[in-house]
Amino acid sequence: MEETDAIVLEKASASSSSIGIKEKDSHAVAAILNKLLADEHVLYVKIRNAHWNVEGPDFHSQHLFFESLYGELAETIDEIAERIRSIGHYAVGTMKEFLELTQLTERRYKKNDSQGLIKELLSDYEAIIVSIREQIDKVGEKHNDAGTEDFLVGIMEAHEKTAWMLRAHLR
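The name recorded for the protein chain in an unreviewed UniProt entry is DNA starvation/stationary phase protection protein, from Sphingobacterium haloxyli.

Encoded structure:
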């Protein structure tokens, strides 16, 4: 077991629930969701950075666009944490935990132009989409949690739409 998995598992259990999912399965699903929560939270901070610091002739439109993205992502973050709680576990919630669990990295560009910021955000959205796609069958088939499987499909679809919009900005 990796160190980050130990953090998730240590933090995961809240109370036993009687919702038809075995404890070991809900534990595994909570670990998957906590890693996703970390990715989403780091992405949220990166979008806020883009919102605050974007410069250039398209400043106003990009400033508003980034604001809409972080607003949507804030709702997703809350839903993920509530899903973790609804299956009987605790959501991670510190920056230290988020940084230990995330797969995302931070890059700093020399310029704060929208194109560079959008490229980085697109890369992050695509990484999260791939990660979710890799977990969907595992959650549903291996851990017998159709509710979380459906939940993840919805998040993936929303992120795919956002990735399309980000790609459109780069054309």
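Turning next to the overall build of the protein chain. Looking only at helices and strands, one finds 6 helices and 0 strands in the protein chain. Tracing the protein chain from N to C terminus, the helices and strands come up as α-α-α-α-α-α. Looking at the 171 residues of the protein chain, the share that counts as buried comes to 44%. Intrachain contacts of the protein chain at a sequence separation of at least 6 include 78% that bridge at least 24 residues. Taken as a whole, the protein chain presents about 9,200 Å² of accessible surface, with 51% of it coming from carbon and sulfur.

Here we take up the nonpolar core. The biggest cluster of nonpolar side chains holds 43 residues, and the ones touching the most others in it are Ile47 and Phe66. The set of elements that each furnish at least two residues to this core consists of helix H2 (23-53), helix H3 (59-86), helix H4 (95-101), helix H5 (114-142) and helix H6 (146-169). The element contributing the most residues to this core is H2, with 12 residues. Excluding residues within four positions of it along the chain, Ile47 makes contact with Phe66, Leu69, Tyr70, Leu73, Leu121 and Tyr125.

Now for the packing of H3 against H5. In the contact formed by H3 and H5, the axes pass within 12 Å of each other and the chain directions differ by 20°. Taken together, the axes of H3 and H5 lie roughly parallel to each other. Crossing of H3 against H5: the hand is left-handed. The segment H3 lies against H5, with Gln62, Phe66, Leu69 and Leu73 engaging Ser114, Leu117, Ile118, Leu121 and Tyr125. Across the contact of H3 with H5, the residue classes break down as 7 nonpolar, 2 polar and no charged.

The next subject is the pattern of salt bridges. One pass over the structure, following the stated rule, counts 7 salt bridges. In this structure, Glu126 and Arg167 form a salt bridge, with 2.9 Å as the shortest nitrogen-oxygen distance. In this pair, Glu126 is assigned in helix H5 and Arg167 in helix H6, connecting sequence segments 41 residues apart. Residue classification places Glu126 among the partly exposed positions, given a relative accessible area of 33%. A salt bridge links Glu160 to Arg133; the nearest nitrogen and oxygen atoms lie 2.4 Å apart. Highlighted residues: Glu160 in helix H6 and Arg133 in helix H5, separated in sequence by 27 residues.

A few words now on unusual backbone geometry. Residues other than glycine seldom take positive phi values, yet Asn144 does so here, at roughly 55°. Checked against the element boundaries, Asn144 lands in the loop between H5 and H6.

At a minimum axis distance of 12 Å, the contact between H3 and H6 shows a crossing angle of 170°. Judged by the inter-axis angle, H3 sits roughly antiparallel to H6. Residues Gln62, Phe65, Leu69, Glu72, Leu73, Thr76, Glu79, Ile80 and Arg83 of H3 form the contact with H6, whose participating residues are Gly147, Thr148, Phe151, Ile155, His159, Thr162, Met165, Leu166 and His169. Looking at side-chain class alone, the contact of H3 with H6 contains 8 nonpolar, 7 polar and 3 charged residues.

Quick notes on the rules
Residues numbered from 1 in each chain as written. Predicted model: local features only at pLDDT ≥ 70, side-chain atom pairs only at ≥ 80, totals over all residues. Heavy atoms only, no water. Helix = DSSP H or I, 4+ residues; strand = E, 2+ residues; numbered from the N terminus. Buried < 20%, exposed > 50% of the residue type's maximum accessible area, 1.4 Å probe, protein only. Contact = heavy atoms within 4.5 Å. Areas by Shrake-Rupley, 256 points an atom, 1.4 Å probe, with all protein chains shown as cover. Core = buried A, V, L, I, M, F, W, Y, C linked by side-chain atoms within 4.5 Å. Axes fitted to C-alpha atoms, helices over the stretch in contact; angles between N-to-C directions. Parallel < 35°, antiparallel > 145°, perpendicular 65-115°, else oblique. Left-handed = near helix turned anticlockwise from the far one by under 90°. Nonpolar A, V, L, I, M, F, W, Y, C, P; charged D, E, K, R; others polar. Salt bridge = Lys/Arg side-chain N within 4 Å of Asp/Glu carboxyl O.

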